[in-house]
Amino acid sequence: MKQMEQPKTSSSTSNHKPHFFKFLFPDPFANLSIPKKFYKHLPASPPKQASLVTQTDKFWRVDVCQNEEGIICFSRGWPEFAKAHHLQIGYLAVFRYEGKMVFNVEVFDTTSCLKNYSLSPCKPPNFKFESSKCVDLTSDVQVKSEGEIQTPVASGRKRNNATGKAQLVGEEDSEEEKPIIKNRVQKKLTQKNSLKMPTAPQFEKTLGCTSTTNNRLYIPKRFCMENGLVSERTMFLKNSKGKKWRVKFMIRRNAGLLALGILTVGWRVFSIENGLKKRDECIFKLIDKKTFLVNVV
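Reading the values: rules and limits
Residue positions are given per chain, counted from 1 along the sequence in the order it is written. At least 70 in pLDDT is required for a residue's local features to be given in this predicted model, at least 80 for side-chain atom pairs to be given and counted, and no such filter applies to totals for whole chains, interfaces and linings, which use all residues. Each side-chain value is derived from all of the structure's non-hydrogen atoms; neither hydrogens nor water enter the calculation. Any carboxyl oxygen of Asp or Glu that lies within 4 Å of a side-chain nitrogen of Lys or Arg is treated as forming a salt bridge with it. Only DSSP runs of H or I with at least four residues qualify as helices, and only runs of E with at least two residues qualify as strands; both kinds are numbered from the N terminus onward. Accessible area is worked out with a 1.4 Å probe on protein chains only. A residue is then buried under 20% of its type maximum, exposed over 50%, and partly exposed in between. Side-chain atoms within 4.5 Å are what join buried Ala, Val, Leu, Ile, Met, Phe, Trp, Tyr and Cys residues into a set we call a nonpolar core. Contacts were defined at the residue level, with two residues in contact if any of their heavy atoms lie within 4.5 Å. pLDDT runs from 0 to 100 and stands for how confident the predictor is about each residue. Strand pairing follows a simple DSSP-based rule, namely that at least 2 bridges must link the two strands. A pair of Phe, Tyr and Trp rings is counted when the ring centres sit within 6.5 Å of each other, with Trp represented by its six-membered ring. The angle between the planes then sorts it: under 30 degrees is stacked, over 60 is edge-to-face, the rest tilted. Should the NZ of a Lys or the CZ of an Arg lie within 6 Å of a ring centre and within 35 degrees of the ring normal, that charge is described as sitting over the ring. N or O atoms closer than or at 3.5 Å make up a polar contact, with two conditions inside protein: a donor-capable atom paired with an acceptor-capable one, and, for residues adjacent in sequence, both atoms drawn from side chains.

### What to know about the pattern of salt bridges
- All chains considered together, the criterion is met by six salt bridges.
- For Glu98, the salt bridge goes to Lys17, with nearest N and O atoms at 2.4 Å. Taken together, the positions of Glu98 in strand E6 (residues 92-99) and Lys17 in the loop between helix H1 (10-15) and strand E1 (19-23) put the pair 81 residues apart, joining distant regions of the chain.
- The exposure class assigned to Glu98 is partly exposed, which follows from its relative accessible area of 28%.
- One salt bridge in this structure joins Glu226 and Arg222, with 2.8 Å as the shortest N-O distance. Taken as a pair, Glu226 and Arg222 lie in helix H5 (residues 221-226) at a separation of four residues, close to a single helical turn.
- Linked through salt bridges whose partners overlap, the residues forming this network are Lys17, Arg96 and Glu98.

Okay, structure coming up:
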């Protein structure tokens, strides 16, 4: 007798989907790289965005970038995801690929147990992503569109349809509440505008004797790792007037691992021609992968 096939369950189907895992170390908020062996499951030209989903059934949109070494990473949007899900050093994140750049994410904490966000009393903040920008929907004031503000009405209040203002039942508007609401609205508009214009990554440096007398300037390891500065290259330093100087970027390794970045040939000329001296506070803003905008505070 021919044996009947057992229908495939959703769990068995999901087990056959490609997975990869990442230990969140040393920084769970840094760009998260996808293993190279996993690239065969991705489109030949990966889209610029991916979607992450957990037990909360909320989709989180994150940017997908590729550095000069060809490593594909989750970048903008990943720190917000990590913060909302309370990720910590030592956690393990398992990514199951659902196709079309959608990943189901399961998180195991330092006790090796699966974190169940659907039952957690501390729910992650409710974020809405629009064009890879994150808008917090849990605050008291919400920005629906340009110039249109929505303020929720507390219990015991009614909304005056003529004015659109919230009023206590049987009472007039409190004059003391107006500046409070105005401040909240102004704060939310400021936050929304800041999301529209993402700032370039930067670091601050107080110049010492080595930076002003020798032909080298050290760049923090974390800044290099988070922004893909992991290989030697020619770069440019641009001052506030827009003039550029060519410099060489090198890396120093310790036991085969990146220890820090160094600006060498060309840095001395830049510092002299721009009058830099000891104890100057400089801000180095990475406006693209090969150019720093340097401002003296």
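### Examining the nonpolar core
- Membership of the largest hydrophobic core comes to 28 residues, with the highest contact counts inside it found for Leu42, Leu52, Phe74, Trp78, Leu87, Phe95 and Phe103.
- Sorting the residues of this core by element identifies strand E3 (49-53), strand E4 (59-66), strand E5 (72-74), helix H2 (78-84), E6 and strand E7 (102-108) as the ones contributing at least two each.
- If sequence neighbours within four positions are ignored, Leu87 has contacts with Leu24, Pro28, Phe29, Trp78, Phe81, Ala82, Val107 and Tyr117.
- Core analysis: the next-biggest nonpolar cluster, separate from the first, contains 24 residues, Leu217, Phe249, Leu263 and Leu286 among them.

### Describing the confidence of the model for the protein
- Of all residues in the protein, 67% attain a pLDDT of 70 or more, and the chain-wide mean is 75.
- Mean pLDDT per element in the protein: strand E9 (residues 133-136) is the minimum at 38, and E6 is the maximum at 94.

### Some words on the pairing of strand E14 (residues 202-206)
- The side-chain alternation of E14 yields one buried face, formed by Phe203 and Lys205, and one unburied face, formed by Gln202, Glu204 and Thr206.
- Sheet topology note: the E14/strand E19 (residues 281-288) ladder contains five bridges and is antiparallel. The residue bridging Glu204 from the neighbouring strand is Ile283, located in E19.

### Focus: the sheet that holds E4
- Spatially, E1-E6-E7-E3-E4-E5-E2 is the arrangement adopted by the seven strands of the open sheet, whose pairing is mixed. This sheet does not close on itself; its edge strands, each paired only once, are E1 and strand E2 (32-33).
- Note: E6 against E7, seven bridges, orientation antiparallel. Among the inter-strand pairings, Tyr97 is bridged to a residue of E7, identified as Phe103.

### Considering the packing of aromatic side chains
- With the rule as written, the count across this model stands at 21 aromatic pairs.
- Judged by centre distance (5.5 Å) and plane angle (75°), the rings of Phe74 and Phe103 are edge-to-face. With a gap of 29 residues between them, Phe74 in strand E5 and Phe103 in strand E7 connect regions that are remote in the sequence. Each member of the pair, Phe74 together with Phe103, is buried.
- Each member of the aromatic cluster is reached from another via a ring pair, and the members are Phe20, Phe38, Trp60, Phe74, Trp78, Phe81, Phe95, Tyr97 and Phe103.
- The lysine or arginine in question, Lys244, covers the ring of Phe236, its NZ or CZ lying 5.7 Å from the ring centre.

### Section: the side chain of Asp109
- Assignment of secondary structure puts Asp109 in the loop between E7 and strand E8 (127-130).
- For Asp109, the side chain forms a polar contact with the side chain of Thr111, separated by 2.5 Å.
- For Asp109, the residues in contact, after removing those within four places along its chain, are Tyr91 and Lys115.

### Some details on the environment of Gln49
- Relative to the helices and strands, Gln49 is located in strand E3.
- We classify Gln49 as partly exposed; its relative accessible area is 28%.
- Along the sequence, Gln49 and Asp63 sit 14 residues apart, while their C-alpha atoms lie 4.4 Å from each other.
- For Gln49, the side chain forms a polar contact with the side chain of Asp63, separated by 3.4 Å.

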